[in-house]
Amino acid sequence: MPTISDVELLKKLISFDSTSRNSNLPLADFLCDYLDRPGVTIERNLSPDGTKTNLLVWIGPDSNPAARDGLILSGHMDVVPADEDDWRSDPFVATRIHDHWVGRGTADMKGFLATAVNLLAMFDTKTARAPLALLFTYDEEVGTIGARHFVETWKGLRTLPRHVIIGEPTSLKPIRMHKGHMTVRFTTTGISAHSGLPHLGKNAIEPAAKIVNALAQLRDHLAQERPDSGSHFPEVPFLAINVGRISGGSAINVVPDECHIDVGVRTLPGTNIDDLANRLRTAANTAVGTDSYNFEIQGDSPPLLLDQKAPIHQAVCAEVGEEVSHGVAYATDAGWFQNLELDCLIFGPGSITVAHKPNEAIPHEELTRGKEHIEHLVRKFCAADA
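Residues numbered from 1 in each chain as written. Predicted model: local features only at pLDDT ≥ 70, side-chain atom pairs only at ≥ 80, totals over all residues. Heavy atoms only, no water.

Caption draft 1: How the structure looks around the packing of helix α2 (residues 25-35) against helix α3 (residues 106-121). Relative orientation of the contacting elements α2 and α3 amounts to 25°, with a least axis distance of 10 Å. Judged by the angle between their axes, α2 and α3 are roughly parallel. Residue-level contacts link L27, L31, Y34 and L35 of α2 to K110, V117, N118, L120 and A121 of α3. Its residues placed into classes, the contact of α2 with α3 shows seven nonpolar, one polar and one charged. (Axes fitted to C-alpha atoms, helices over the stretch in contact; angles between N-to-C directions. Helix = DSSP H or I, 4+ residues; strand = E, 2+ residues; numbered from the N terminus. Parallel < 35°, antiparallel > 145°, perpendicular 65-115°, else oblique. Contact = heavy atoms within 4.5 Å. Nonpolar A, V, L, I, M, F, W, Y, C, P; charged D, E, K, R; others polar.)

Caption draft 2: Main features of the environment of V378. Here V378 lies in helix α9 (residues 364-382). Sequence separation of V378 and V151 is 227 residues, and the distance between their C-alpha atoms is 24 Å. If we skip the residues at most four places from it in the chain, V378 touches L71, L73, L119, F123, L132 and A383.

Caption draft 3: Spatial organisation of the pattern of salt bridges. One pass over the full model with this rule turns up 17 salt bridges. Between D139 and K52 there is a salt bridge; the shortest N-O distance is 2.6 Å. Of this pair, D139 sits in the loop between β6 (132-137) and α4 (145-153) while K52 sits in the loop between β1 (40-46) and β2 (53-59), placing them 87 residues apart in sequence. Neither D139 nor K52 differs from the other in exposure class; each is buried. Residues joined in a network through salt bridges with shared partners are E43, D62 and R158. (Salt bridge = Lys/Arg side-chain N within 4 Å of Asp/Glu carboxyl O. Buried < 20%, exposed > 50% of the residue type's maximum accessible area, 1.4 Å probe, protein only.)

Caption draft 4: Quick peek at helix α1 (residues 6-14). Taken together, the buried positions of α1 are V7, L9, L10, L13 and I14. The buried side chains of α1 occupy one side of the element, clustering within an arc of 160° when seen end-on. If you follow the buried residues of α1, they end up packed against α2, β5 (100-102), α3 and α9. (Arc of directions from axis to C-beta.)

Caption draft 5: Geometry of helix α7 (residues 311-320). Here α7 has its buried residues at I312, H313, A315, V316 and C317. Summarising the contacts, the buried residues of α7 are in contact with β3 (71-76), β7 (163-166), β8 (175-178), β17 (343-346) and α9.

Caption draft 6: Fine view of the sheet that holds strand β13 (residues 258-267). An order of β11-β13-β9-β14 is seen for the four strands of this open sheet, with the pairing classed as antiparallel. In the strand order of this sheet, the two ends are held by β11 (240-248) and β14 (293-301), each with one partner. This sheet shows a mean twist of 20° between the axes of neighbouring strands, independent of strand direction. Alignment of strand β9 (residues 180-189) against β14, held across eight bridges, turns out to be antiparallel. Each bridged residue has a counterpart across the sheet, and for H181 the counterpart in β14 is S301. (Pairing = 2+ DSSP bridges.)

Below you can see the structure in the form of structure tokens.
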């Protein structure tokens, strides 16, 4: 397939409704067809049910196993829903409004994907000393599920470059640390009955209310603690608990027999997940006893802390003229990729402040500037004359 401009490619990517609830195979198929040419290796890493896939696309020589040279450009193919009524244009048609491109995923993060795809498509293997790879994932938006699957199923058939840029929207600021996100569910059970005969039933919502109160107390305790890594996140330098959703009962005149409490905890680098789970269970035990609920860890997106001396960190800071990098409160695929001994830096065009909102947009100028920066970095890490 012939190469098209970054803007035309962005328009094409936006046209795929790759909301996490949908299969991403149509988008993945398009990318594979677009990049299929001599010298390009494409590997699919299918989800367990086969309805979604990660993509690893490779061009250039193998990475030296000792140096692990080369560069990976990584991003997620899924987007959040665009169901809001406040959209001023079709969210799956990239629309130029003044100096911005508007559409679902323009910033988070198909603008970066378009840049990365075309950089690989135009990569000159004749001048390459190290590979350029794309690692695109599924279901990042619902818990970094694709990245976890890739890490847990990667067979290590070739040496992955150590240096990774994950193109989340950072307004082209280097990010070397972020919080994680552990999600858990408490389920309380009771006995259903007619509300006119409540003594024949057992209300599942009442112990759930006690657990919610206990979690609020634990939240306040955690807010007083100051783990060492908390200093990197001055706005919220502690583990933050959020009771995000409660669901239970079927009707106002029925004693509810089940209630779910969904809880998210924003973790810090160095957090021991087992210890944190025990603290959550202990809070519930104190409130209602050990036999009154079920506890399940439903997801875990690990935090990130990259050494500031890492070559990818130093290179990006030098490229954009930043002396220091930053930390953010959201999680990314980088948390899982660390388990493959990858040095991940978060860096991409667009602002996180417009992500997940109606009329998501990315400045055209920032797309262009981002392309220039990333092209320089590809040359630095992959080209023979760097």
